[in-house]
Amino acid sequence: MRPVALRELAFSSHGWNSAPAPAVELDAAGPEPQPARSPGRARDVAMCLTAIALLLRPMGPWFVRPAILAVAVLMILSPSMLRSALAWSAIAAMVAVRIADDWPLADNHIYLLGYWAFAIALSLRTAGGEDTLAFSSRWLIGLAFVFAVLWKTMLSPDFLDGRFFRVTLLTDARFGDAAQLIGGLSAEQLAADRKALQLLPEGAELLDPPSIDEPARLRLLAMAATWGIIALEAAVALAMLLPASAVGSSVRHVALLLFCGTTYLFAPVAGFGWLLLAMGVGQLDERQTALRRVYVAAFIIVIFYGEIPWAGLALGAGRG
Amino acid sequence: MKMLAPALLVAVASTQIALSRTFDLTAWKGGGFGMFSTLDHAGYRGVDIVVDAPDRSESLQVPASIELAVARAAACPADRMLRAVAEAVVARERRYQRPVSRVTLTFWRADFDRATLRPSERPVRTFVYDVP
């Protein structure tokens, strides 16, 4: 095994190093120099980001977790492992075992990860694998977002009327700081609302039930979140599934990056964000180096979103 | 070949919708991408446990040893899941040498009033397991 990976695979050839390759400089007096092509580099970056995502959020029971982590480490260290259909098939199989082990408790992005690993394995076995992977990426993201929009708009009884975000902003501790910062709630109001929203045992009823205090800004935030998320998800679904003649590839990337850049600022599921961004890279061709950089930057930004309690810090700063 | 992974996604997500309609599988789980779409999730679902024996009728708090089984049953209260909880309860009671002849499980979930948001707990399904 040759230890190399990130520099060779993704970041050293044209587009990633500021210093030009020596071969290009030597030929500068001749015909227009062409940077050396490295077929499948976008796919390599997509696969590398996926392996990193596997390491950032270890998952599964004891009998698959160490194996997933070990394969991911080897993928990052060894280009041959990264490009091994067998290794990606093994990841897909282990993800399937992880899902089956405690069905139905796995989160949805674990399923998407399994499909994505499977799609990578298939692309590595076929001629024109980059196109196959780009196709799978578009359809997997598009279909996942179609189902997400379907649930929110047609199947759930409490999303479109705003109840989901009205209650979640008040009761989910992960959204508490944002509810105060953007929704204009005081800490005391939030505590009182949480108490008022506590479940009583079946049949129990308070003589004088407390009312729930929702400032106008909080109601506005809940409605903006409700319709904003539907608009973003529908935009991603349409951008991914409409034919290229109707939607340019740049629109697809803008929609996906916009979704990740806004949603994961609030939603506590960075793993989903990393996966979507890795899949987005899988749709790039070799010339789209700038977009590749944007995706990698977005991947890192989502790490910061998840690790920095920005709303809590802003709230603390506001209080002096 | 390139449609295989997307086809698998559609098959699983469609099955998840069918299971949510037939077995009350929560929208958040099962691969249907219904997360963040409804309040009907683990925080507002649960399973109450009552153990009966000739001289005993007792409501149990969910013990740590069966938390996973209860979480699975709360996410998808199908017979198989609820039976697994009941059998785990019986096994635990026997470990502690307590009599048990029947386990009654009540799956409930919370509803939130559209205007006031006031929550109420609503029993959805009762499962009775007579110890063989």
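Computed from a predicted structure; not experimentally measured.

On to the overall build of chain A, then. In terms of helices and strands, chain A carries 16 helices and zero strands. Among the 320 residues that make up chain A, the fraction classed as buried is 41%. A fraction of 66% describes how many contacts in chain A between residues 6 or more apart in sequence connect residues 24 or more apart.

What follows covers the nonpolar core. Residues A:Leu49, A:Trp116, A:Ala117, A:Leu140, A:Ala144, A:Leu275 and A:Leu277 are the most contacted members of the largest nonpolar core, which totals 81 residues. When near neighbours in sequence (up to four residues on either side) are disregarded, A:Ala144 contacts A:Leu112, B:Leu9 and B:Phe33. If you look at the next biggest cluster of nonpolar residues, it comprises 23 residues, including B:Val51, B:Ala75, B:Leu82 and B:Ala86.

A few words now on the interface of chain B and chain A. Counting from both sides, the interface comprises 39 residues of chain B and, opposite them, 39 residues of chain A. In terms of residue count, helix 1 (residues 4-22) of chain B provides more of the side of chain B that touches chain A than any other element does, nine residues in total. Taken together, the residues of the side of chain B that touches chain A break down into 26 nonpolar, seven polar and six charged.

Residue and element names in this part refer to chain B. Inspection of the sheet shows strand 1 (residues 45-53) paired to strand 3 (residues 102-112) by eight bridges, in the antiparallel sense. Residue pairing for strand 3: Asp48 is matched across the bridge by Thr106. With five bridges connecting them, strand 1 and strand 2 (residues 56-60) associate as antiparallel partners. Each residue of the ladder has a partner; that of Val50, found in strand 2, is Ser59. The loop that links strand 1 with its antiparallel partner strand 2 comprises two residues.

So, on to unusual backbone geometry. Cis rather than trans, the peptide bond between A:Trp103 and A:Pro104 has omega equal to 10°. When you line up the elements, A:Pro104 lands in the loop between helix 6 (85-101) and helix 7 (108-125). The residue B:Gln97 is not glycine, and still its phi comes out positive at about 55°. For B:Gln97, the position within the fold is in the loop between helix 3 (79-95) and strand 3. By C-beta crowding, B:Gln97 is classed as exposed, having 6 other C-beta atoms within 10 Å. At B:Leu117, a position not held by glycine, the phi torsion is positive, near 70°.

Looking now at the packing of helix 9 (residues 163-171) of chain A against helix 12 (residues 216-241) of chain A. If you want to describe how two helices pack, look at the angle between their axes and the distance between the axes. All names here are of chain A. Where helix 9 contacts helix 12, the two axes come as close as 8 Å, and the packing angle between them is 120°. The orientation of helix 9 with respect to helix 12, classified from their angle, is oblique. Crossing handedness for the pair helix 9 and helix 12: right-handed. Along its contact with helix 9, which presents Phe165, Arg166 and Leu169, the element helix 12 presents Leu218, Leu221, Ala222, Ala225 and Thr226. For the contact of helix 9 with helix 12, the per-class residue count stands at six nonpolar, one polar and one charged.

Residue and element names in this part refer to chain B. In terms of domains, chain B is made up of domain 1 (1-38) and domain 2 (41-130). When each unit is reduced to the centre of its C-alpha atoms, the spacing between domain 1 and domain 2 is 25 Å. Listed by partner, the interface residues are eight residues for domain 1 and seven residues for domain 2. Taken together, the residues that form the side of domain 1 that touches domain 2 break down as four nonpolar, two polar and two charged.

Before going further, it helps to examine the pairing of strand 4 (residues 119-130) of chain B. Residues and elements named next belong to chain B. Summarising the sheet, strand 3 and strand 4 pair through eleven bridges and their orientation is antiparallel. Across the sheet, the residue bridging to Trp108 is Pro123, located in strand 4. The loop that links strand 3 with its antiparallel partner strand 4 comprises six residues; one of these, Leu117, has a positive phi angle of about 70°.

Per-residue confidence for chain A gives a mean pLDDT of 88, with 87% of residues at or over 70. In this model residues 1-37 of chain A is a low-confidence stretch, pLDDT under 50, and it forms 40 contacts with partners more than four residues away in sequence or in other chains.

Further remarks concern the confidence of the model for chain B. Residues and elements named next belong to chain B. The predicted model of chain B has a mean per-residue pLDDT of 96, with 100% of residues at 70 or higher. Ranking the elements of chain B by mean pLDDT puts strand 2 last with 94 and helix 1 first with 98. Scored as a whole, the predicted complex attains pTM 0.90, and scored at its interfaces, ipTM 0.95.

Turning to helix 3 of chain B, a few remarks are in order. Residues and elements named next belong to chain B. Its 17 residues place the ends of helix 3 24 Å apart at the C-alpha level, agreeing with the 24 Å of an ideal helix rising 1.5 Å per residue. When we look at burial in helix 3, the residues that qualify are Met81, Leu82, Val85, Ala86, Ala88 and Val89. With its buried residues spanning 160° around the axis, helix 3 presents them on a single face. Counted as exposed and oriented over 90 degrees from the buried face of helix 3: Asp79, Arg80, Ala91, Arg94 and Arg95. The inward-facing, buried residues of helix 3 contact strand 1, strand 2, helix 2 (67-75), strand 3 and strand 4.

Another point: the sheet that holds strand 3 of chain B. Residues and elements named next belong to chain B. The strand order across the open sheet built from four strands is 2-1-3-4, with neighbouring strands paired in antiparallel fashion. Every interior strand has two partners, whereas the edge strands, strand 2 and strand 4, have only one. Here the average twist between neighbouring strands, direction ignored, is 20°.

Quick notes on the rules
Residues numbered from 1 in each chain as written. Chains lettered and ligands numbered in written order. Predicted model: local features only at pLDDT ≥ 70, side-chain atom pairs only at ≥ 80, totals over all residues. Helix = DSSP H or I, 4+ residues; strand = E, 2+ residues; numbered from the N terminus. Buried ≥ 20, exposed ≤ 12 C-beta atoms within 10 Å, placed from the backbone. Contact = placed C-beta atoms within 7 Å. Core = buried A, V, L, I, M, F, W, Y, C linked by C-beta atoms within 7 Å. Nonpolar A, V, L, I, M, F, W, Y, C, P; charged D, E, K, R; others polar. Pairing = 2+ DSSP bridges. Axes fitted to C-alpha atoms, helices over the stretch in contact; angles between N-to-C directions. Parallel < 35°, antiparallel > 145°, perpendicular 65-115°, else oblique. Left-handed = near helix turned anticlockwise from the far one by under 90°. Domains from an automatic or database assignment. pLDDT = per-residue confidence, 0-100. Expected span 1.5 Å × (residues − 1). Arc of directions from axis to C-beta.

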